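Fold and contact review
Read off the chains here:
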Amino acid sequence: MRASPRLTYPTAVVLHAVSRGIRYGFDIIDASGLQSGTVYPVLRRLEDAGLLRSSWERVHTAREEQRPPRRYYQLTGAGAETVKQALRRYPGLGHTLGRRGITQPSPA
Amino acid sequence: MRVAGWLVPESHRCEWTAEWMGELEHSWRAQQRTGNTGSLARAALVLRCFGAFSDALWLRRRHGEDAMFSNDLTYAVRTLLRRPGFSMIVILTLALGIGANTAIFSVVNAVLLRNLPYEDPDRLMMLWGVPTDGDSAKVARWTSYPDFIDLRNQSVSFDQLAAAGIPDVTLTGPNLEPTRIQGAVVTANLFPTLGVRPAKGRAMLPEEEREAAPRVAVVSHALWQGRLAADPNVVGRVITLDGVQHTVIGVMQRGFQYPNDAQLWIPLVPDRNAQRRGTHNLRVVGRLKPGMTRERAESDVATIARRLEEQYPEDNAKRSARLEPMRDAIVGNVRTPLLVLLGAVGLVLLIGCTNIANLFLARAATREREVAVRTALGAGRGQIVRQWMTESVLLALVGGACGLLVAHWGLQALMAAAPDTIPRAGEVALDKTVLAFVVSISLLTGIAFGVIPALGMSRNLTINSLKDGGRGATAGLARTRLRKVLVVSEVAFALVLVIGAALLIKSFWRLQQVDPGFDPERLLTVQLQLPQARYERWQHVTGFYSELKQKLASTPGARSVAIAFEHPLSEGWTSSFGIAGRQPSVQGLEPEARVRPVSPGYFRTVGVSLLKGRDITDRDVAGAPGVVIINDAFARRHFPGEDPIGKRIERGAWWPDMPNSFEIVGVVADERFLGLQTAADPATYFPHAQFPMSDMYLLVRTRADAAAFTAMVRREVWALDRDLPIENIRTMESILGESVAQPRFNTSLLGLFAGVALLLAAIGIYGVLSFMAAQRTNEIGIRMALGAQRSSVVRLVVGQGMLLALLGVALGLLAAFWLTRILSTLLFQVSTTDPGIFGGGALLLSTVALIAAYLPARRASRVDPVTALRYE
């Protein structure tokens, strides 16, 4: 477990999005309205810090749709704790996510 | 993605690429499934890819590889500083190109891209009246109050439907100079419909739409800050509007001005006039229910309109309804010209980039030895490409930063020159979106002209490059081919721009040749509106105007004076009529003509010639028989092959004691009403004394400069009535100028861009041919040593250049043929494929190419064979 990243607003938004079941990079971008150049580095930092864990979706699901598999992110226990902190620090966080692009990942 | 992938540390590259490709493919397939594959959706996806660069750079830093990157950067800075001339040319070209693009993009961003400043603006729709048979003369775009109420009650598609009328009102009050301001009478739900709230105080309440309610008004931020002197206690203050006291209940937010440029909003209290179904004077805006589509809502309102047409055929014959997104209604007219300008300025940047890419290619050739040394020392191809990209991106970013400065000044010049008709002009600014645009466009151009020489780089850098000092004739083959492709495309782009600009210039010239039907020189127009409270009877109205006319006519500066309802080039309004002795038309389908009450001397004053019969005289007054003068368009439409003089026009009397049948006593030439582009439609000129409207224009033909006569007009008007507001004093020349301001603006900008494009293309051809000729110095030397004439050398080099140029011209003609159709709505009496212009453009480009090719050819022919061979 590495040092926790600074809980900036974009970090909080991304973490909160994953906690709400929005687990793919582009879906997080769609739902949060953040730029792709912001969301991905945040995801990498959160994964490095052990707050998120990433996996690849099942190959045959992707193959059925004739596309490569997607990588998705899940909250770890430490991550769930941090989401609580984030909600305390940014009380408006609950209203930041739009309704677009929310999809559930298929199990790995 | 591949380019960004190079930045990612090798250990992560595979996974990184897989993740981004997975997301992109998934998004693209999802878009395909929903049918959302338009250019906007693609562009959004491409924009998203730019984030991959940030991601890649972050990963790079994270894994400690930034040292190499900063080495690249240092090396790039040193290389560029070593050749300041080269760097300056590139930066200057980019600064101008990016600056011009940014300036135009800022306008496009504010006018077309940014959301309207209302809540959820995509759901806002304007409701327009449209004719079911396509004949728009009979059906007003606006809606009557009773129709509006029926639509509001019966429609199921809208959350809210609100109406607004736009009368001018006179604001008076203690310590206030009387002023005419643009007001709006609105239904109380207008603000909730748009989703806006007053910044101070409150909005109107539905109960304030009743006759008995206390009179209230909401004022604009500008009116509050201006005429009301930023009074902190403005809410609750009493102001007088058209002689009636109103209490100010609120101040709107800064910048809010719907409809039109409204400065003040009062509740719509339906009076007797508003209750008439035939008075179509309200613009209706609605907020669609969530999830409701425009098509379904449109069929809903069309059904109601059909019902109303059946119920009230006399007022609603052939009347249907159409919805238009509010944004389109506001920006509709300027969308095409703005996008054309953006496209044009984009092409200029592309041509500039082509030149820069050529410079880079030329430099790449001279750097072959450096590349060979670095390769020999162990640098990979990827590292060298990255180094070159760093240089080009660095140059592009510096160019972009300078471009931002250019954009700042360019935008000021642009907005000063832009016609007043550009909507939302107040919102134009260099904001975050524009900055993002500058950064993206700089990166894109940097990558574009950095990648090109890298692509041309020889794959087999052999030891030969090291050995013989980089003469490598064969290694440059790929680059030479690329350079030719660049020249061909440059010529093609420039030709497209030249043809586009020439079409607009010809169209503008045609517009200038149109005879407006009147003489705009030294003609002053002044709007006067007599308040009903003090000019209750028509005798007061005609008395005031004839006295004013007499007084002004006797001043030495005035050549002639007239009073008229509206002035030339002004739309005014139309009304229906009948012709005596002819079968009456079906009710609701009578013919229409423009109605222009005028005083004696109108035609002489504005310079419209009398073709037949007599002018209106001082004897054509209230008690005398009704007379009317028609224009030529009226005579041609309704009396083809007949003499209209002596025929009678019948229409209802609007005032008691006024005639309702009018004898045609004269025919005048056509003056244009709807701008120079539109031919005059039928018009009827009634004597003002028999049609005594109170809101009129004063027209003065002056002996000297018209604008200088303004003070005299004010003095004489205020000598008669000290409380009368005088608004809208303008010379006819400025009105005429404004009517062609938009085409003039488009034409001058596109002309400027085409000129720059032509110059850049010429420089490009010259540069490439000079370089190629210089590379062939040895060959030319040998040829000349073997007896070749100078003329044959010139032919050789010029021929090579012209082949490229002509290929470019052919492609350009094809592209222009396809692209100029976008201009069709902007052209006046010019075909989008005007053969003269296409031929002339091709000739111009070929001539420019010939000159640009001849100069290096002449130099090549002067090569001394001995020197050339000794060099070998």
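Residues numbered from 1 in each chain as written. Chains lettered and ligands numbered in written order. Predicted model: local features only at pLDDT ≥ 70, side-chain atom pairs only at ≥ 80, totals over all residues.

Focus on the overall build of chain A
Scanning chain A from N- to C-terminus turns up five helices and two strands. Put simply, 69% of the contacts in chain A that link residues at least 6 apart link residues at least 24 apart. (Helix = DSSP H or I, 4+ residues; strand = E, 2+ residues; numbered from the N terminus. Contact = placed C-beta atoms within 7 Å.)

Points about the overall build of chain B
Tallying secondary structure elements over chain B gives 26 helices and 23 strands in all. Relative to its full complement of 872 residues, chain B shows a buried share of 40%. Taking contacts inside chain B between residues at least 6 apart in sequence as the whole, the part at least 24 apart equals 82%. (Buried ≥ 20, exposed ≤ 12 C-beta atoms within 10 Å, placed from the backbone.)

A short note on the interface of chain A and chain B
Listed by partner, the interface residues are 16 residues for chain A and 16 residues for chain B. Sorting the residues of the side of chain A that touches chain B by element identifies helix 2 (25-32) and helix 3 (36-48) of chain A as the ones contributing at least two each. If you tally residues by element for the side of chain A that touches chain B, the top one is helix 3 of chain A, at five residues. Split by residue class, the side of chain A that touches chain B holds seven nonpolar, four polar and five charged. (Nonpolar A, V, L, I, M, F, W, Y, C, P; charged D, E, K, R; others polar.)

Here's the deal with the environment of B:Ala815
Residue and element names in this part refer to chain B. With respect to the helices, strands and loops of the structure, Ala815 is situated in helix 24 (residues 790-819). Note on Ala815: 16 C-beta atoms within 10 Å, which makes it partly exposed. In the structure, Ala815 is positioned 319 residues away from Val496 in sequence and 6.7 Å away in space, judged by C-alpha atoms.

Description of the packing of helix 22 (residues 741-775) of chain B against helix 24 of chain B
Pairs of packed helices are described in terms of their axes, by the angle between the two and the distance that separates them. All names here are of chain B. Taken N-terminus to C-terminus, the directions of helix 22 and helix 24 make an angle of 140°; their axes are 11 Å apart at the nearest point. As judged from the angle between their axes, helix 22 and helix 24 are oblique. The handedness of the crossing between helix 22 and helix 24 is right-handed. Residues Ile765, Leu769 and Ala773 of helix 22 form the contact with helix 24, whose participating residues are Val797, Gly801 and Ala805. (Axes fitted to C-alpha atoms, helices over the stretch in contact; angles between N-to-C directions. Parallel < 35°, antiparallel > 145°, perpendicular 65-115°, else oblique. Left-handed = near helix turned anticlockwise from the far one by under 90°.)

Details of the pairing of strand 9 (residues 264-267) of chain B
Residues and elements named next belong to chain B. Side chains Leu264 and Ile266 of strand 9 all project onto a buried face; the interleaved residues Trp265 and Pro267 project onto the opposite face, where all are buried too. Two elements, strand 6 (residues 216-219) and strand 9, share two bridges in a ladder whose sense is antiparallel. Within the sheet, the bridge partner assigned to Val219 lies in strand 9 and is Leu264. (Pairing = 2+ DSSP bridges.)

Observations regarding the nonpolar core
Note on soluble globular proteins: their nonpolar side chains tend to be buried together. Residue and element names in this part refer to chain B. Core analysis: the largest hydrophobic core is formed by 103 residues, its most contacted members being Val491, Ala494, Leu495, Leu497 and Ala757. Here this core gets 18 residues from one element, more than from any other, and that element is helix 16 (residues 477-513). Excluding residues that lie within four positions of it along the chain, Val491 makes contacts with Ala761, Ala805, Gly808, Val809, Gly812, Leu845 and Ala849. In terms of nonpolar packing, the next biggest core, distinct from the first, is built from 57 residues, Tyr535, Phe544, Phe709 and Val717 among them. (Core = buried A, V, L, I, M, F, W, Y, C linked by C-beta atoms within 7 Å.)

Observations concerning the packing of helix 1 (residues 9-19) of chain A against helix 5 (residues 77-89) of chain A
All names here are of chain A. Where helix 1 meets helix 5, the axes come as close as 9 Å, and the angle between the chain directions of the two elements is 125°. The angle between helix 1 and helix 5 places the two elements in the oblique class. The two elements helix 1 and helix 5 meet at a crossing, and its hand is left-handed. Contact residues: helix 1 offers Ala12, Leu15, His16 and Ser19, while helix 5 offers Gly79, Ala80, Thr82, Val83, Ala86 and Arg89. Looking at the contact of helix 1 with helix 5, its residues break down into five nonpolar, four polar and one charged.

Some thoughts on unusual backbone geometry
A positive phi angle, close to 55°, is found at A:Gln66, a residue other than glycine. Along the chain, A:Gln66 turns up in the loop between helix 4 (59-64) and strand 2 (71-75). In the Ramachandran plot, B:Gln829 falls in the positive-phi region, its phi being about 55° despite a non-glycine side chain. Here B:Gln829 lies in the loop between helix 24 and helix 25 (835-861). Given 12 C-beta atoms within 10 Å, B:Gln829 falls into the exposed group.

What to know about helix 3 of chain A
If you check helix 3 of chain A, its first and last C-alpha atoms are 18 Å apart, about what 13 residues at 1.5 Å a residue would give, namely 18 Å. Buried within helix 3 of chain A are the following residues: A:Ser36, A:Val39, A:Tyr40, A:Pro41, A:Val42, A:Leu43, A:Arg45 and A:Leu46. The secondary structure elements touched by the buried residues of helix 3 of chain A are helix 1, helix 2, strand 1 (52-56) and strand 2 of chain A together with helix 3 (39-62) of chain B. A positive backbone phi angle near 80° is found at A:Gly50, which sits one or two residues after helix 3 of chain A. (Expected span 1.5 Å × (residues − 1).)

What about the confidence of the model for chain A?
Caution is warranted with low-pLDDT regions, since their predicted coordinates should not be read in detail. The pLDDT averaged across chain A works out to 83; a share of 86% of its residues lies at or above 70. Note that pLDDT drops below 50 for residues 99-108 of chain A; the model gives that stretch 23 contacts with residues more than four away or on any other chain. (pLDDT = per-residue confidence, 0-100.)

Re helix 9 (residues 294-311) of chain B
All names here are of chain B. With 18 residues, helix 9 extends 26 Å between its outermost C-alpha atoms, agreeing within 8% with the 26 Å of an ideal straight helix rising 1.5 Å per residue. Within helix 9, the full set of buried residues consists of Ala297, Val301, Ala305 and Leu308. Viewed end-on, helix 9 has its buried residues packed into an arc of 70°, placing them on one side of the element. Residues of helix 9 that are exposed and point more than 90 degrees away from the buried face comprise Glu295, Ser299 and Glu310. (Arc of directions from axis to C-beta.)

Considering the environment of B:Glu391
All names here are of chain B. Mapping Glu391 onto the fold places it in helix 13 (residues 381-417). In this structure Glu391 comes out as buried when scored by C-beta crowding, with 23 C-beta atoms within 10 Å. As for Glu391 and Thr74, which are separated by 317 residues in sequence, their C-alpha atoms are 9.7 Å apart. The residues contacting Glu391, other than those within four sequence positions of it, are Ala76, Thr79 and Leu80.

Observations concerning the confidence of the model for chain B
All names here are of chain B. For chain B, the average pLDDT comes to 84, and 94% of its residues sit at 70 or higher. Mean pLDDT across the elements of chain B bottoms out in helix 15 (residues 463-467) (51) and peaks in strand 18 (residues 627-631) (94). Contacts for the low-pLDDT stretch residues 468-475, under 50 throughout, to residues beyond four places or in other chains number 10 contacts. Overall fold confidence for the complex sits at a pTM of 0.68, while the interface term, ipTM, reaches 0.91.

With respect to the environment of B:Leu698
Residue and element names in this part refer to chain B. As for its position among the elements, Leu698 is in strand 22 (residues 695-702). Spatially, the C-alpha atom of Leu698 lies 7.5 Å from that of Val561, the residues being 137 residues apart in sequence. Apart from residues no more than four positions distant in its own chain, Leu698 is found in contact with Val526, Leu528, Leu548, Ile563 and Val713.

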